[in-house]
Amino acid sequence: MAFAPRRRRRRRSRVVLVGLLLSLVAVLVNAGYSSSSKSPSRRLARLAYVDQVRPHVDRSTLQGADVAQVRMEATELGRNGIRRKMDRVRRDAAAELRAVKAVDPPPELGTNHSLLLSTMVLRARATSTMADALVVALGEGAPEGAVGHLVDAGQEMFAADQSYRTFVELIGGAEGTRRVLPESKWVADPADWDRPSMSAFVSALRASAISTPVHDVAVLTFSTDPKPVGSETGSAVLPLVKTIRVEVVVANIGNDKESRVPVVVTLTGPAGEVDTARQFVDLAPGQRLAVGIGGLRTVAGGPSNLTVVVGPVEGEDGVVDNQRSLSLVVRG
């Protein structure tokens, strides 16, 4: 009988220990369940965020298509058509910016969302800048201001495209977010918005508002294939090749169609060796056209001179922008 209380105490201690173990297991199970339940909720929140912003991205992409249409068809749209379309694009871009600002992203996607917001800010700014610049371009003042603002607008649009691309890459890499957001690009080719292209654009736009025929063609840019690998005392250095190809972008900045316009490329070697190639192109008013001319034979050694000439066309007065040249050296 003296040992009975001791057995009860041992039994009680075992019961307490088992109870503590069961409680610990319950806590661990509940913690694991809670953790696993949070993971699906995070995934759902991310997917819901993607679904929420997708329509705004789609509408922004359509606005970019409208901007590209104005850029490519400005001479046909005319003053009133340009203003109507750009006013609408400006309003719509501002509306998408407000809508994206109102989105409340999941906490872990806050940085990602800031990239999307930056995209919309830049696009709204670019449409406003472009709309104002086109008003100036269609006026009678000096065109340089309009050209500069249009170049700025193009740079902002390109920066917005880069911001959006980074946003998509980060969202695609986020855990639980496997839905791919659509591509959204406003600038297909940054060269379309550089200063030579914008100068030609403004000139063509002004010429289109004149009733009398204006005949004017220009070389906007050109590049060699292969591309230069360096420079040497003011000359571009090309790798040792037997022939080169030249890519030329020409434009009709007048208001009348031009037919069989000559595009002539001449390569003059170190000792005066001359090789020439040409093509003939048709250009509608305001049209830009890329022309590839190949087979120009190179001479290694001293500097050569590459010259590109378009036109002149009949009735053309100013020919300063009809020619461009480049000094180059072919090295092994």
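Residues numbered from 1 in each chain as written. Predicted model: local features only at pLDDT ≥ 70, side-chain atom pairs only at ≥ 80, totals over all residues. Heavy atoms only, no water.

### Details of the overall build of the protein chain
Then step 1. When you go through the protein chain residue by residue, the secondary structure sums to four helices and nine strands.
Then step 2. Shown N-terminal to C-terminal, the secondary structure of the protein chain runs as helices and strands in the order α-α-α-α-β-β-β-β-β-β-β-β-β.
Then step 3. Counting only residues that meet the buried cut, the protein chain has 39% of its 332 residues in that class.
Then step 4. When contacts within the protein chain are restricted to residue pairs at least 6 apart in sequence, long-range pairs at least 24 apart make up 74% of them. (Helix = DSSP H or I, 4+ residues; strand = E, 2+ residues; numbered from the N terminus. Buried < 20%, exposed > 50% of the residue type's maximum accessible area, 1.4 Å probe, protein only. Contact = heavy atoms within 4.5 Å.)

### Remarks on the confidence of the model for the protein chain
Then step 1. Summing up the model confidence of the protein chain, the mean pLDDT is 86 and the portion of residues at 70 or higher is 86%.
Then step 2. Low pLDDT, under 50, characterises residues 1–9; the stretch is placed with zero contacts to residues that sit more than four places away or in other chains.
Then step 3. Confidence over residues 15–37 falls short of pLDDT 50; this stretch has zero contacts with residues more than four positions distant or in other chains. (pLDDT = per-residue confidence, 0-100.)

### Considerations on the pairing of strand 5 (residues 258–268)
Successive residues of a regular strand alternate their side chains across the two faces of the sheet.
Then step 1. Taking burial as the measure, the eleven residues of strand 5 include eight buried ones, the bulk of the element.
Then step 2. With nine bridges connecting them, strand 5 and strand 6 (residues 274–283) associate as antiparallel partners. Bridge assignment links Thr 266 to a residue of strand 6, and that residue is Thr 276.
Then step 3. Counting the residues that bridge the hairpin from strand 5 to strand 6 gives five residues, and of these Gly 272 lies at a positive phi of roughly 90°.
Then step 4. Two strands pair when backbone bridges link them, and strand 5 and strand 8 (residues 304–310) are joined in this way by six bridges, in the antiparallel orientation. Considered in strand 8, the bridge of Thr 268 is made with Asn 305. (Pairing = 2+ DSSP bridges.)

### Focus on the pairing of strand 4 (residues 243–252)
Then step 1. Most of strand 4 is tucked away: seven of the ten residues are buried.
Then step 2. Relative to strand 4, strand 1 (residues 217–225) is paired through eight bridges, and the arrangement is antiparallel. For Thr 221, the partnering residue across the bridge sits in strand 4 and is Val 249.
Then step 3. Across eight bridges, strand 4 lies against strand 7 (residues 288–297) in antiparallel orientation. Note that in strand 7 the partner of Val 250 across the bridge is Leu 289.

### Description of the side chain of Ser 235
Then step 1. With respect to the helices and strands, Ser 235 occurs in strand 3 (residues 235–239).
Then step 2. The class for Ser 235 is buried, based on a relative accessible area of 6%.
Then step 3. At a separation of 2.6 Å, a polar atom in the side chain of Ser 235 contacts the side chain of Ser 327.
Then step 4. When sequence neighbours within four positions are dropped, the list of residues in contact with Ser 235 reads Gly 230, Pro 303, Ser 327, Leu 328 and Val 329. (Polar contact = N/O pair within 3.5 Å; in protein donor to acceptor, adjacent residues only side chain to side chain.)

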